[in-house]
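Coordinates in review
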Amino acid sequence: MNASRSKRAPGRPKSGPNRPSMRDKVLLTASVLFMELGYEPVSINMIAERAGVTKASVYYYFANKSILFTAAVMEMMLRISAVTERIIGENGSLRERLAQIALSKMTKSQAHVEFESLMREALPSLSEEQRAEIRRAEHRIHEVLAAEFARAMESGEIPPGHPMLLSHAFSALLMIGSRERIGEEEFAPERLAAAVVDLFLNGAGGK
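Residues numbered from 1 in each chain as written. Predicted model: local features only at pLDDT ≥ 70, side-chain atom pairs only at ≥ 80, totals over all residues. Heavy atoms only, no water.

Secondary structure summary: the protein contains nine helices and zero strands in total. Mapped in sequence order, the helices and strands of the protein form the string α-α-α-α-α-α-α-α-α. By residue count, 37% of the 207 residues in the protein fall in the buried class. In the protein, once contacts between residues fewer than 6 apart in sequence are set aside, the share between residues at least 24 apart is 64%. For the protein, the accessible surface area stands at approximately 12100 Å², while carbon and sulfur atoms represent 54% of it. (Helix = DSSP H or I, 4+ residues; strand = E, 2+ residues; numbered from the N terminus. Buried < 20%, exposed > 50% of the residue type's maximum accessible area, 1.4 Å probe, protein only. Contact = heavy atoms within 4.5 Å. Areas by Shrake-Rupley, 256 points an atom, 1.4 Å probe, with all protein chains shown as cover.)

Given below as structure tokens:
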């Protein structure tokens, strides 16, 4: 063995050109577990086991659970923002594109915990800076939707209103997609996505 070759720091994952990013794997696993179980039940050890890595590997990238939580949520928000922006930029009516966004969330989501509930649970463990970072990442998603709602108002596609308020209202309705049943009835994702968009655009009374 070459004595001049630097040694890996304890816990540092092995790297290679064909090896997926260990950090990304940990972040994805953490975001899924937090959304499945909430903040308190999830441990670093649980994340490491689910990701198939050592606990030391997790700590190599993230000094503690609150830092990992913040990074995982921000990464999740970044993915949602990218998907939202891509769909919003496609051709089609506003209704069609909103239905695609809703369907994307409903088919990919493994969430069992509502995001605001998750944040309330995590808040005591987060610093002010961490809380602000998460809210800024969340706000970027709303900015993408609000900009499109503003454009739709200008074109007459939807009535005048408050674009950012509409963005938050639509996002809140999408939380329905994390439910497996609505009352006693099961909804296929496509049907539920269309129903949510109809409710959002038409209201309870319809047109």
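This brings us to the pattern of salt bridges. Applying the stated criterion across every chain yields a total of 10 salt bridges. When the shortest N-O distance is used, the salt bridge between arginine 95 and aspartate 198 registers 2.2 Å. Of this pair, arginine 95 sits in helix α5 (residues 94-108) while aspartate 198 sits in helix α9 (residues 189-202); the two residues are 103 residues apart in sequence, bridging distant segments of the chain. Ionic pairing is found between glutamate 138 and arginine 135, a salt bridge with its closest N-O pair at 2.6 Å. With a gap of three residues between them, glutamate 138 and arginine 135 both fall in helix α7 (residues 128-155), about one helical turn apart. Looking at glutamate 138, the relative accessible area reads 14%, which means it is buried. Accessibility expressed as a relative area gives 32% for arginine 135, which makes it partly exposed. (Salt bridge = Lys/Arg side-chain N within 4 Å of Asp/Glu carboxyl O.)

Turning our eyes to something else, we now look at the packing of aromatic side chains. A complete count under the given rule lists seven aromatic pairs for this structure. On the numbers, 5.8 Å between centres and 15° between planes, the contact of phenylalanine 34 with tyrosine 39 is stacked. Each member of the pair, phenylalanine 34 together with tyrosine 39, is buried. Their ring planes at 85° and their centres at 5.0 Å tell us that tyrosine 60 and tyrosine 61 sit as a pair that is edge-to-face. Classification of tyrosine 61 as partly exposed rests on a relative accessible area of 31%. Members of the aromatic cluster, each reached through a chain of ring pairs, are Phe34, Tyr39 and Phe69. Above the ring of phenylalanine 187, the side-chain terminus of arginine 191 is found at 4.1 Å from the ring centroid. (Phe/Tyr/Trp six-rings, centres within 6.5 Å; stacked < 30°, edge-to-face > 60°. Lys NZ or Arg CZ within 6 Å of the ring centre and 35° of its normal.)

To continue, consider the confidence of the model for the protein. Of the residues in the protein, 86% have a pLDDT of 70 or more, and the chain-wide mean is 87. Predicted confidence in the protein is weakest over α5, with a mean pLDDT of 90, and strongest over helix α2 (residues 44-51), with 96. Contacts for the low-pLDDT stretch residues 1-8, under 50 throughout, to residues beyond four places or in other chains number two contacts. (pLDDT = per-residue confidence, 0-100.)

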